[in-house]
Amino acid sequence: MSAPTAPKRRQRRPRVRTQQATQPQTTIGAEEGNSQPLRVAIYLRISTDELHQPFSLEAQHLKLCNYVTSQDNWELVGKPYIDEKSGATTDRPALKRALAAARAGKFDVLLVYRVDRLSRSIRGLSEILADLEDAGAAFRSATEPFDTATPAGRMMVQMLAVFAEFERATIIDRVINGMERKAARGEWPGGYRPHGYEVGSSGKLTIIDDEKPVVERIFTTYVRDKLGAAAIAKRLTADGYRTKAGNPWSQAAVLTVLRNRTYLGEIWFRDRWYKAEDHHPAIIGEKLFNDAQDILDARGDATTHRAVANSDYHLAGRLFCSHCGKRYLGTAAKGNKYRYRYYTCFTRHRYGTEHCSADRLPAD
């Protein structure tokens, strides 16, 4: 009897591990089999003049162009959108044009150098991103990589906006404190310089010899000759004098001079007058200035006696003069029995009919 044979072993087949094919990363606006290049528009912004900006227009433009060139299937379209305004507001001409171009489908991506170039407020950035999303366009920052198509990317954008807004508020606070210290030292803190003065090398106001007699004439004529502000303005304009901006003298410009304590050697900043020991030279004596204030108060020309603007002029500021292009103001004239309301061109109202002959429009 033969021994039973051992059962044959089944040979195991070697296990082959299959790798799943990794999907290529998709780019904005790219679809499978789509060879169309991604159209990119760039937006540039500086706040004031380019010399004092950490990110000049030229530097931003160069870096963004290089960034577009380094990306696969990206194409730069159109001229850059350039603003020279604060990032705290979205009321910027170039930004509005960029958003309008996005709605018209002229580009796929709006590219900026940094998020704070687009906006320095959380609310403003959210509004811009929402407008771009509604237009079917995306947003990219060349120096801050994130994807706004993902929740994490949108969170990063919001965080960057928080830091940008905080940075802006910190800068404003430091600037205000610095300007306040300058005013306390008798230096000019900035802004429109009063007629008769310019800023000297020391940072304080210095007298302009050609403009000083005009200021003195305004005060002496108003106080000693008892001539009104409108009559003084007409005389100055007729004699060939112009304001610092080059405009004819008006009643409002004369009253501005008469109320300005800068001519006493004082500096105005944030609701307070400062007078340092070493202040700028005064043009008007204190007695003459005080006499002018008494007459202003008696005639009702003082700012404390001025009535608030009537709210029944709903079209004030919305109508434009066809002659000079200025806006229409709400004005009124009193008759024997009634009060007549008009819309009057700013130029005519301030400088007279010899400078603009546009008719007054009955408000009713």
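Residues numbered from 1 in each chain as written. Predicted model: local features only at pLDDT ≥ 70, side-chain atom pairs only at ≥ 80, totals over all residues. Heavy atoms only, no water.

K.L.:
Before we go on, may I ask you to explain the side chain of glutamate 187 in this structure?
P.N.:
Along the chain, glutamate 187 turns up in the loop between helix 5 (151-184) and strand 6 (197-199). At 3.2 Å, the side chain of glutamate 187 forms a polar contact with the side chain of arginine 185. In this structure, glutamate 187 is in contact with Lys182, Ser202, Gly203, Lys204 and Ile267, ignoring residues within four places of it in sequence. (Helix = DSSP H or I, 4+ residues; strand = E, 2+ residues; numbered from the N terminus. Polar contact = N/O pair within 3.5 Å; in protein donor to acceptor, adjacent residues only side chain to side chain. Contact = heavy atoms within 4.5 Å.)

K.L.:
Hey, could you run me through the environment of serine 141 in this one?
P.N.:
Within the secondary structure layout, serine 141 lies in strand 5 (residues 138-141). Among the residues examined, serine 141 registers a relative accessible area of 2% and is labelled buried. Taking the C-alpha atoms as reference points, serine 141 and aspartate 116, separated by 25 residues in sequence, lie 9.7 Å from one another. Ignoring any residue separated from it by four or fewer positions in sequence, one finds serine 141 in contact with Leu111, Val112, Tyr113, Arg114, Val115 and Phe146. A polar side-chain atom of serine 141 sits 3.4 Å from the main-chain carbonyl oxygen of tyrosine 113. (Buried < 20%, exposed > 50% of the residue type's maximum accessible area, 1.4 Å probe, protein only.)

K.L.:
Looking at this structure, how should I read helix 9 (residues 286-299)?
P.N.:
Every α-helix winds through 3.6 residues per turn, so residues three or four apart in the chain are directed the same way. End to end, helix 9 covers 20 Å across 14 residues, agreeing with the expected 20 Å (1.5 Å per residue, within 8%). If you check which residues of helix 9 are buried, you get Leu288, Phe289, Ala292, Ile295 and Leu296. Down the axis of helix 9, the buried side of the element spans an arc of 120 degrees, and every buried residue falls inside it. Within helix 9, the exposed residues directed more than 90 degrees away from the buried face are Glu286, Lys287, Asp294 and Ala298. Its buried side turned inward, helix 9 meets helix 6 (212-223) and helix 8 (251-259). (Expected span 1.5 Å × (residues − 1). Arc of directions from axis to C-beta.)

K.L.:
When you look at the environment of tyrosine 313 in this model, what are you seeing that I'm missing?
P.N.:
In this structure, tyrosine 313 sits in the loop between helix 9 and strand 10 (328-334). Note: C-alpha distance between tyrosine 313 and tyrosine 343 (30 residues apart in sequence) is 8.1 Å. For tyrosine 313, the contacting residues outside a window of four places in its chain are Gly330, Thr331, Ala332, Arg339, Arg341, Tyr342, Tyr343 and Ala363.

K.L.:
Looking at this structure, how should I read the confidence of the model for the protein chain?
P.N.:
Caution applies to low-pLDDT regions: their predicted coordinates should not be interpreted in detail. Per-residue confidence for the protein chain gives a mean pLDDT of 81, with 84% of residues at or over 70. Looking over the protein chain, one finds the lowest element-wise mean pLDDT in helix 5, namely 77, and the highest in helix 6, namely 95. Note that pLDDT drops below 50 for residues 29-33; the model gives that stretch two contacts with residues more than four away or on any other chain. This model gives residues 303-310 a pLDDT under 50, and the stretch forms five contacts once residues within four places in sequence are excluded. (pLDDT = per-residue confidence, 0-100.)

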